[in-house]
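A closer look at the structure
Here are the chains, one letter per residue:
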Amino acid sequence: CLVGSEMCIRDRTKDPYSASLYYIALHKHSILASLFKVGKQDSLASFFLRDFSQDIHQKAAMKNAYVLLSRHEYFKAAGFLLLANKQSEAIQVLIKNYHDPQLALFISVILEGDSSSTYQFILNTHMNQVAQYTQDVYLQAIIAWCNQDYVSALHSLLSFFDPNQFTGECNS
């Protein structure tokens, strides 16, 4: 769990929210609560110590998520949606509102693994759109590789090079 602490430490504002999605996805709420306690945000620290398997606490998390969505604080809202056990909604907020399909992909892998339908959907729809729009041959190759289409991955990487650039002759 040093990754989440590292994310919080590297963040210049030292805001515990910067590591919140990571810890919530891993169900490490007590570590997140400790980060908020260190940041002297005791009310949030006690909130994250609640048992979110209970309906009353899920409803409280959902209410906070809606408030944060209305304030356009999408990153925080996604975290509270995860607390409310609304994984697909949290993923959609990260993609459509926060405009970060890579983060959504990362969270989906933590929650469901890399063989889930959510992972495949994000990878083949949203990440593929990013790769096409930015003409990022490396991202296209990674997507093909993740789909076990190794020939397309190699083709994507080789398409970066101009075939006329290499004539096979040595000029010395």
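Scroll up to find the structure this text is about.
An account of the accompanying structure is given in this report.

Examining the overall build of the chain
Within the chain, the regular secondary structure consists of 11 helices and 0 strands. Ordered by position from N to C terminus, the α and β elements of the chain give α-α-α-α-α-α-α-α-α-α-α. In the chain, which comprises 172 residues, the share counted as buried stands at 37%. Restricting the contact set of the chain to residue pairs at least 6 apart, pairs at least 24 apart contribute 33%. Carbon and sulfur atoms make up 55% of the accessible area of the chain, which amounts to about 10900 Å² in all.

As for the nonpolar core
If you look at the biggest cluster of nonpolar residues, it comprises 46 residues, and the most contacted ones within it are Leu21, Phe48, Phe80, Leu83 and Ile107. Considering each element in turn, this core owes the most residues, 8 residues, to helix H6 (residues 74–83). For isoleucine 107, the residues in contact, after removing those within four places along its chain, are Leu21, Ala25, Leu82, Ile91 and Leu94.

Here we look at the side chain of serine 116
Mapped onto the secondary structure, serine 116 falls in the loop between helix H8 (101–112) and helix H9 (117–134). The buried category is assigned to serine 116, whose relative accessible area is 11%. At 3.1 Å, the side chain of serine 116 and the side chain of glutamate 112 are in polar contact.

Observations regarding the packing of H6 against helix H7 (residues 87–97)
For the pair H6 and H7, interaxial distance at closest approach is 8 Å and the crossing angle is 170°. Regarding the angle of H6 to H7, the classification is roughly antiparallel. On H7, the residues touching Tyr74, Ala78, Leu81 and Leu82 of H6 are Gln87, Glu89, Ala90, Val93, Leu94 and Asn97. Here the contact of H6 with H7 is composed, by residue class, of 7 nonpolar, 2 polar and 1 charged.

Some remarks on the environment of alanine 90
With respect to the element layout, alanine 90 can be found in helix H7. Apart from residues no more than four positions distant in its own chain, alanine 90 is found in contact with Ala78, Leu81 and Leu82.

Focus on a nonpolar patch on the surface
Together, Tyr138, Leu154, Leu157, Leu158, Phe160 and Phe161 make up a nonpolar patch on the protein surface, roughly 620 Å² of accessible area in all. Broken down by element, the nonpolar patch gets its largest block of residues, 3 residues, from helix H11 (residues 150–158). Here phenylalanine 160 is to be found in the segment after H11.

Quick notes on helix H5 (residues 55–70)
Compared with the 22 Å implied by 1.5 Å per residue over 16 residues, the 23 Å span of H5 between its first and last C-alpha is a close match. Where H5 is concerned, the buried positions are His57, Gln58, Ala60, Ala61, Met62, Ala65 and Leu68. Buried residues along H5 sit against helix H4 (42–48) and H6. Immediately downstream of H5, the backbone of histidine 72 shows phi near 65°, a positive value.

About the cut-offs
Residues numbered from 1 in each chain as written. Predicted model: local features only at pLDDT ≥ 70, side-chain atom pairs only at ≥ 80, totals over all residues. Heavy atoms only, no water. Helix = DSSP H or I, 4+ residues; strand = E, 2+ residues; numbered from the N terminus. Buried < 20%, exposed > 50% of the residue type's maximum accessible area, 1.4 Å probe, protein only. Contact = heavy atoms within 4.5 Å. Areas by Shrake-Rupley, 256 points an atom, 1.4 Å probe, with all protein chains shown as cover. Core = buried A, V, L, I, M, F, W, Y, C linked by side-chain atoms within 4.5 Å. Polar contact = N/O pair within 3.5 Å; in protein donor to acceptor, adjacent residues only side chain to side chain. Axes fitted to C-alpha atoms, helices over the stretch in contact; angles between N-to-C directions. Parallel < 35°, antiparallel > 145°, perpendicular 65-115°, else oblique. Nonpolar A, V, L, I, M, F, W, Y, C, P; charged D, E, K, R; others polar. Patch = residues over 30% accessible without salt bridge, like charges linked within 9 Å, V, L, I, M, F, W, Y side chains within 5 Å. Salt bridge = Lys/Arg side-chain N within 4 Å of Asp/Glu carboxyl O. Expected span 1.5 Å × (residues − 1).

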